[in-house]
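# Reading the structure
Next come the chains, spelled out residue by residue.
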Amino acid sequence: MNISQVKSVSVICLGNICRSPIGEVVLKDRFKRNNIDIEVCSGGTGSWHVGENANRRTIQVLEENNYTIRHSAR
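Here's a quick rundown of the structure. None of these values were measured; they are calculated from a predicted model.

Structurally, histidine 71 is set in the segment after α2 (56–64). Look at histidine 71 and you get buried, because its relative accessible area is 14%. A polar atom in the side chain of histidine 71 sits 2.7 Å from the backbone oxygen of asparagine 16. Dropping the residues within four chain positions of it, histidine 71 is found in contact with Asn16, Pro21, Glu24, Ser42, Glu52, Asn53 and Ala54.

Next up on the list: the nonpolar core. In this structure, Val25, Ala54, Ile59, Leu62, Tyr67 and Ile69 together form the largest nonpolar core, which totals 6 residues. Look past the residues within four positions of alanine 54 in its chain and what remains in contact with it is Ile17, Pro21, Ile59, Ile69 and His71. Counting residues in each nonpolar core, the second largest holds 5 residues, with Val11, Phe31, Ile38 and Val40 among its members.

A separate point is the pairing of strand β1 (residues 8–13). Bridge analysis of β1 against strand β2 (residues 39–44) gives 6 bridges, and the strand direction is parallel. Pairing of serine 8 across the sheet is with glutamate 39, part of β2. As for the winding sense of the linkage, the β-α-β connection from β1 through helix α1 (residues 19–33) to β2 is right-handed.

About the criteria used
- Residues numbered from 1 in each chain as written.
- Predicted model: local features only at pLDDT ≥ 70, side-chain atom pairs only at ≥ 80, totals over all residues.
- Heavy atoms only, no water.
- Helix = DSSP H or I, 4+ residues; strand = E, 2+ residues; numbered from the N terminus.
- Buried < 20%, exposed > 50% of the residue type's maximum accessible area, 1.4 Å probe, protein only.
- Polar contact = N/O pair within 3.5 Å; in protein donor to acceptor, adjacent residues only side chain to side chain.
- Contact = heavy atoms within 4.5 Å.
- Core = buried A, V, L, I, M, F, W, Y, C linked by side-chain atoms within 4.5 Å.
- Pairing = 2+ DSSP bridges.
- Right-handed = clockwise from strand over helix to strand, strands pointing away.

Take a look at the structure:
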């Protein structure tokens, strides 16, 4: 598959509050920096965190690396 054929990427983890939000934020940034028009979203395989913000450690790691996040688990 050629990258030009890719329309979207979904980053998935268990609860969508730790790993997948980081993946979503970093991929969106990398695609934007490289003028790649691919939609990025994240989600969880379980529903127990639906509507919650990202984990405080996730937010901390992103902020330490100059990223910001607005997140609601899905």
